[in-house]
Amino acid sequence: MYPFSFTKVSDTRGALAAGRRGGRYIAGGTTLVDLMRETVERPGTLVDISALPLRDVTVTERGGLYIGALVRMAEAAAHPKVRTLYPVVSQALELSASAQLRNMATIGGNIMQRTRCTYFRDVTAACNKREPGSGCAALEGFNRTHAILGTSKSCVATHPSDVAVAFAALEARVHLLGPEGRRSLAFADFLLKPGNTPDREQALRAGELITAVEIPALPRPLRSGYLKVRDRQSYEFALTSAAVALHIRGGVIREAKVAAGGVGTVPWKLPVVERALIGERPSDRLWAKAAQLATDGAHPLQHNRFKTDLLQRTVERQLRTVGGTK
């Protein structure tokens, strides 16, 4: 462990002041503390923001959902409005980590968590995400759990969050507060694909703080759900996952929201699948046909070619679960 200073703040003004001086925000600490132990991260100053008033879950005027950045994962999963309006979010949260971690980890921290790539966490291995310009050991190494979508020559690591997949599918927005004031970003713009700069993972400006994630109002009735496929049922990250939300009226799919996890360098929105569903009547044939499009643009590696077929089957199964069969 490298030496660092620790400060606790009670309001956003104090947090932003510390952030401007280079402090790293910490709440539950379920990711950052691990990375510090492994010397992957070496922050000089930690800023404890757990006392900030960012713990509310509220329904917006238009019927969307506003989730404070410091709401614990377990609290969000159990919240009646989350469970009623967006089951896909509560299911994704309940399938994440362990009960102990969900009781500590926050929504803001969850979407900020860094990859679980073993090469990233092994400081002796080449990793452009950890040390820009050093190379990517996963390209020629054991890459069974790595990404097949959104990859580059610099990085093939997957994003580990489950709830981020649900947020991506629902086209959520991330609300930010920084030295220059407030702003919000579409979730698709908040998390960055690696390209040539895999060390830059979020579109945050210096000193910015996540204040909330907002899910927009979607047409009702809305059916939604999350499916996670993994090597074991307890405390394991996804090999593939699918977040699906469907608005079906008059026997026709009027709106479709679909995203995949475990296969992309970021939670992977599937617009080509969505377009194949809209205007169609639910059927097993439709689910199978649309799911075949889920791997459009995929670039499998030596050890993860199985993810191509697995992703298609995961999406098909979840479409059938959410949309029903005929």
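Moving on, we get to the packing of helix α12 (residues 284-291) against helix α13 (residues 306-323). Between α12 and α13, the least distance of the axes is 8 Å, while the angle of their chain directions is 145°. Relative to α13, α12 is oriented so that their crossing is right-handed. Counted together, Asp284, Trp287, Ala288, Ala290 and Ala291 of α12 and Gln312, Val315, Glu316, Leu319, Arg320 and Gly323 of α13 form the full contact between these two elements. The class makeup of the residues in the contact of α12 with α13 is six nonpolar, two polar and three charged.

What follows is about the nonpolar core. By size, the foremost hydrophobic cluster in this structure holds 69 residues, and its most contacted members are Val89, Phe167 and Leu277. For this core, the leading source of residues is helix α9 (residues 163-169), giving seven residues. Once you skip the residues sitting within four places of it in the chain, Leu277 turns out to touch Leu246, Ile253, Ala256, Val258, Leu286, Trp287, Ala290 and Leu319. With 13 residues, the next largest nonpolar core counts Val40, Cys136, Val156 and Leu301 among its residues.

Our focus in this paragraph is the environment of Leu192. Locating Leu192 in the fold gives a position in the loop between α10 (187-190) and β8 (209-215). On the basis of relative accessible area, Leu192 is assigned to the partly exposed category, the value being 23%. Residues Leu192 and Ala203, eleven residues apart in the sequence, show an inter-C-alpha distance of 6.8 Å. The residues touching Leu192, leaving out its near neighbours within four places in the chain, are Arg200, Glu201, Gln202, Ala203 and Val266.

All right, on to the pairing of strand β6 (residues 173-178) then. For β6, the tally of buried residues reaches five of six residues, placing the bulk of the element in the interior. Pairing between β6 and strand β7 (residues 181-186): six bridges, direction antiparallel. What sits directly across from Leu177, in β7, is Arg182. Taking the residues between adjacent antiparallel strands as the criterion, β6 and β7 are bridged by two residues.

Rules of the game
Residues numbered from 1 in each chain as written. Predicted model: local features only at pLDDT ≥ 70, side-chain atom pairs only at ≥ 80, totals over all residues. Heavy atoms only, no water. Axes fitted to C-alpha atoms, helices over the stretch in contact; angles between N-to-C directions. Helix = DSSP H or I, 4+ residues; strand = E, 2+ residues; numbered from the N terminus. Left-handed = near helix turned anticlockwise from the far one by under 90°. Contact = heavy atoms within 4.5 Å. Nonpolar A, V, L, I, M, F, W, Y, C, P; charged D, E, K, R; others polar. Core = buried A, V, L, I, M, F, W, Y, C linked by side-chain atoms within 4.5 Å. Buried < 20%, exposed > 50% of the residue type's maximum accessible area, 1.4 Å probe, protein only. Pairing = 2+ DSSP bridges.

By themselves, these observations are geometric and do not establish any function.
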